Amino acid sequence: MFRNLVNRYRRFRQQVVVQQRRPYEYAVNRYYAHLIDPLFTKWAYDLNLTPNFVTVVACLTGILAGLSFGAQYWAAGAILLQLHHYLDGADGNLARLTGKMTTLGAKLDRLCDQLVRFAVFVGLAIGADVPLWAKLFLPLTIYIDLWVVHAFVLPYARNHPLKRSRWKQWFLDRGILPGFDIFTVFFVISLAALTGWINQAVYLIIVLKNLDWLYRVWECLKTAAWNRRKARA
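Residues numbered from 1 in each chain as written. Predicted model: local features only at pLDDT ≥ 70, side-chain atom pairs only at ≥ 80, totals over all residues. Heavy atoms only, no water.

### Let's talk about the pattern of salt bridges
The criterion, for reference: Basic side-chain nitrogens of Lys or Arg form a salt bridge, by our definition, when they fall within 4 Å of a carboxyl oxygen of Asp or Glu. Helix and strand definitions follow DSSP, with helices as H or I runs of at least four residues and strands as E runs of at least two, each counted in order from the N terminus. Whether a residue is buried, partly exposed or exposed follows from its accessible area with a 1.4 Å probe, protein chains only, as a fraction of its type maximum: under 20%, in between, or over 50%, in that order.
What the rule picks out here adds up to four salt bridges. Notably, a salt bridge pairs Asp-46 with Lys-42, separated by 2.7 Å at the nearest N-O pair. Taken together, the positions of Asp-46 and Lys-42, both in helix H2 (residues 27-46) and four residues apart, correspond to about one turn of that helix. Residue classification places Lys-42 among the partly exposed positions, given a relative accessible area of 32%.

Here is the structure:
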């Protein structure tokens, strides 16, 4: 019976997820969110919604999650944040399914991502019972990470194949991208909000997110040093 359900789900997913997003996925997406967002894709498709409309709804749920955190409605914020996660995956699925991938849609998606990030982390900083330095450092960490990755890491990685550590290559060979990405952060926030560990989650996010971008910069620097040694050899 379980095998039949799994097979039915796989056939259903193939119908609504018509194109693989990317060769690697973060674990929280591969084993959680991307198993659920096809259901929202099917719902949006049946209602004849446009991808951009789904993007806007995803944005609003994310912003409402941030407002809920700021008002200390932790359970409501947790649920809304995960709903945002599902819808944020569904809009891309829907665009590929219906052939409505547009430049406007991509720009709208990026704008909404930034609005949600701002609302969630400012709301979390306001609502959490942590010292002022942590309230300030939480959103600052997110934007430092965003700047470093887009200004340095991604441009370098596009032009230079990175020299990976063995442990990271092991995951990449299996299609898993190890790291503390934004949706893993959202998952941690929701879980902590539902279990009463939100203050501890703030410290955890600050530490792990900074370690994440520092490790990615170190990968780039290690690759550059390796390429210089190779060029001199």
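### Notes on a positive patch on the surface
Note the threshold: Patch rule: a residue counts if its relative accessible area is over 30% and it has no salt bridge; like charges are joined within 9 Å, and nonpolar side chains (Val, Leu, Ile, Met, Phe, Trp, Tyr) within 5 Å. Reported accessibility uses the Shrake-Rupley method at a 1.4 Å probe radius. Residues are deemed covered only where the shown protein chains occlude them. Under the convention used here, Asp and Glu are negative, Lys and Arg are positive, and both His and the chain ends fall outside the count. Positions of charges follow a simple convention, taking NZ of Lys, CZ of Arg, CG of Asp or CD of Glu.
A cluster of basic residues, Lys-163, Arg-228, Arg-229, Lys-230 and Arg-232, forms a positive patch at the surface. Locating Arg-232 in the fold gives a position in helix H9 (residues 198-232).

### A few points about the environment of Lys-100
Cut-off, in case you're wondering: Here, two residues are considered to be in contact whenever any of their heavy atoms come within 4.5 Å of each other.
In this fold, Lys-100 is placed in the loop between helix H4 (74-98) and helix H5 (103-127). For Lys-100 and Gln-114, which are 14 residues apart along the polypeptide, the C-alpha to C-alpha distance reads 22 Å. Look past the residues within four positions of Lys-100 in its chain and what remains in contact with it is Pro-51 and Ala-95.

### Details of the side chain of Glu-219
Within the secondary structure, Glu-219 is located in helix H9. Accessibility expressed as a relative area gives 1% for Glu-219, which makes it buried. When sequence neighbours within four positions are dropped, the list of residues in contact with Glu-219 reads Leu-162, Arg-164 and Lys-168.

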